[in-house]
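Structure at a glance
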Amino acid sequence: MKYQHRVLGMLSLLAVITYLDRVCIAVAGPRMQDELHISPEAWGWVTSVFFLSYSAFEIPTGALGDRVGPRRVLTRIVAWWSAFTALTGTVSNYYVLLLVRFCFGAGEAGAYPNASAVIGRWIPIAKRTRAWGIVWMTSQVGAALSPLLVVPIQVRYGWRAPFFVFGLLGVGWSLAWYVWFRDSPHEKDGVSAAELREIGSAPGLQRHGMPWATALRIPALWRIAAIGVCYVYALGFFQSWLQTYLVRGRGFTEAALVLSSLTYAVGATANGLGGLAGDWMVKRHGLRNGRRWLGVAGLSAAALLLTAAILAPSGNLALVFLSCAYGGILFQQPSLCALCLDVGRRNAGAVFGFMNTAANAASALSAVVFGYLVGYFGNYNAPFLPMVALLALGALLWLQVDPTRELLPEELPDESVSAGPLRSSAVLQTTSGHMRSE
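This write-up is about the structure you can find in this document. Along each chain, residues carry numbers from 1 onward, in the same order as the chain's sequence is written. In keeping with the predicted nature of the model, local features appear solely for residues at pLDDT of at least 70, side-chain atom pairs appear and are counted solely at 80 or more, and the whole-chain, interface and lining totals rest on all residues. Side-chain numbers here rest on the full set of heavy atoms in the structure, without hydrogens or water.

1. Focus: a nonpolar patch on the surface
Here, patches come from residues exposed beyond 30% relative accessible area and free of salt bridges, joined within 9 Å for like charges and within 5 Å for nonpolar side chains (Val, Leu, Ile, Met, Phe, Trp, Tyr). The Shrake-Rupley method, run with a 1.4 Å probe sphere, supplies the accessible areas, and residue values consider only the shown protein chains as cover. By salt bridge we mean one thing: a side-chain nitrogen of Lys or Arg within 4 Å of a carboxyl oxygen of Asp or Glu. On the surface, Val 141, Leu 145, Leu 148, Leu 149, Val 258 and Leu 259 cluster together into a nonpolar patch covering about 430 Å² of accessible area. Think of it this way: any DSSP run of H or I at least four residues long counts as a helix, any run of E at least two long counts as a strand, and we number them from the N terminus. Locating Val 258 in the fold gives a position in the loop between α11 (242-249) and α12 (261-285). Taking relative accessible area as the criterion, Val 258 reaches 30% and is therefore assigned partly exposed. Each residue gets one of three labels from its accessible area relative to the maximum for its type: buried under 20%, exposed over 50%, partly exposed in between, using a 1.4 Å probe on protein chains only.

2. Some thoughts on the packing of helix α3 (residues 70-88) against helix α5 (residues 111-122)
Relative orientation of the contacting elements α3 and α5 amounts to 150°, with a least axis distance of 10 Å. Taken as axis vectors, α3 and α5 run roughly antiparallel relative to one another. Crossing handedness for the pair α3 and α5: left-handed. Together, Pro 70, Val 73, Leu 74, Ile 77 and Trp 81 of α3 and Ala 111, Asn 114, Val 118 and Arg 121 of α5 make up the contact between the two elements. Note that Gly is not counted as nonpolar here; it falls among the polar residues with everything else outside the nonpolar set of Ala, Val, Leu, Ile, Met, Phe, Trp, Tyr, Cys and Pro and the charged set of Asp, Glu, Lys and Arg. By residue class, the composition of the contact of α3 with α5 is seven nonpolar, one polar and one charged. Axis definition: a line fit to C-alpha positions, over the contact stretch in the case of helices; interaxial angles, taken between N-to-C directions, run 0 to 180 degrees. Roughly parallel means an angle under 35 degrees; roughly antiparallel means over 145; roughly perpendicular covers 65 to 115; every other angle is labelled oblique. Two helices crossing with the near one rotated counterclockwise from the far one by less than a right angle form a left-handed crossing, whereas a clockwise rotation gives a right-handed crossing. Only heavy atoms enter the contact rule, under which two residues are in contact if any of them lie within 4.5 Å.

3. Some remarks on the packing of aromatic side chains
Planes of paired rings set the category: under 30 degrees apart is stacked, over 60 is edge-to-face and the rest tilted, where pairs are Phe, Tyr or Trp rings (Trp by its six-membered ring) whose centres lie within 6.5 Å. Applying the stated criterion across every chain yields a total of 25 aromatic pairs. Measuring from ring centre to ring centre gives 5.2 Å for Tyr 94 and Tyr 95, while their planes differ by 70°; the resulting arrangement is edge-to-face. For Tyr 94, a relative accessible area of 17% puts it in the buried group. Through a chain of ring-to-ring contacts, three or more aromatic side chains come together here, namely Phe 237, Phe 238, Trp 241, Tyr 245, Tyr 264, Tyr 326, Phe 370, Tyr 380 and Phe 384. The criterion for a charge sitting over a ring is simple: Lys NZ or Arg CZ within 6 Å of the ring centre, and within 35 degrees of the ring normal. Geometry around Tyr 3 places Arg 6 over its ring, the cationic atom sitting 4.2 Å from the centre. Taking NZ or CZ as reference, Arg 71 lies 4.1 Å from the ring centre of Tyr 178, over its face.

See the structure below:
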């Protein structure tokens, strides 16, 4: 087996553990709210505070991975968040829970920006969209497993026990990662010369910082971040409120919450198919149109399906529509991650971190707004309306991105600057690895 595939396997295992831990609190949410006497509005802050701290530390931790390498940074990230996953199971009141979840988010911040840096160094350009598809697909496998594991554990041992179990898994991964992984394929014993040529990576770790003063004046960076905001605002519901919605808004029993695994199974399938379709679309229609069209299709479908979920007459039908909407959102996700690599290149971790910071700030807002809208309107359907609007806006924003243009090129000929979008076959070949001239 090639080493690039082993690296991708480790990232996929990381994604499983990440979403096991994230969805654990959503599944345990109804029991926690009852035992700790937490209202819907207050529960919104429990889920929001994670995303607030997560978004606050995304950029610095992503940029740190670009500078010192993802081997050390990911080891610290996973060990930290695993400790606070376990500590979640020890909380005795609302305010301690807020503090623990804030620290959990701060620790997990940077996980996916650093995964982006790993993919940028270890995976050939032509395979990066499908690599992201596999990583996101396995994250949804973790999310799908979470209800199946948490429900029987908490029925037998209480809601605290799953947090202790999942915390141990992360500690084991971080130790294995630090011992085995290397930041560059050239630093890893056993990687063949043929695989090094296929990966196309340069020897050694390039240490550099993101020129933020310049980057923040580039509209394309803000458009990418805005797409992240639009889809993650809706995505946050599935990570924070889905199980509470099913119990309180659609009358599901605790035992029936295992059916929520369907949502994440659909998401896993959509992530995997989105990665494959993303590479196929780029090869068939070019980098610019391939990325754009897939993004538009995914978010447009999600907006329509989420509307159908609002109107569904039964809980089971609502769950089906919600699951399909989740699939639409995640179908376009690998392409957005690949877009960060397309335009970020040597600053891919920082670009991904910037996008993910904005996205998770939106998720934090979504979690709070959901709780307050439920309290204000007295039902669980009203909070979906802003989600539908933002998904539609995200589809429109996809039409404005240009993945053929590097955000911060090291050297750009004057004629390329004045000519507008980069169109030469040489540039497109560098960007996509398998492009034809447009």
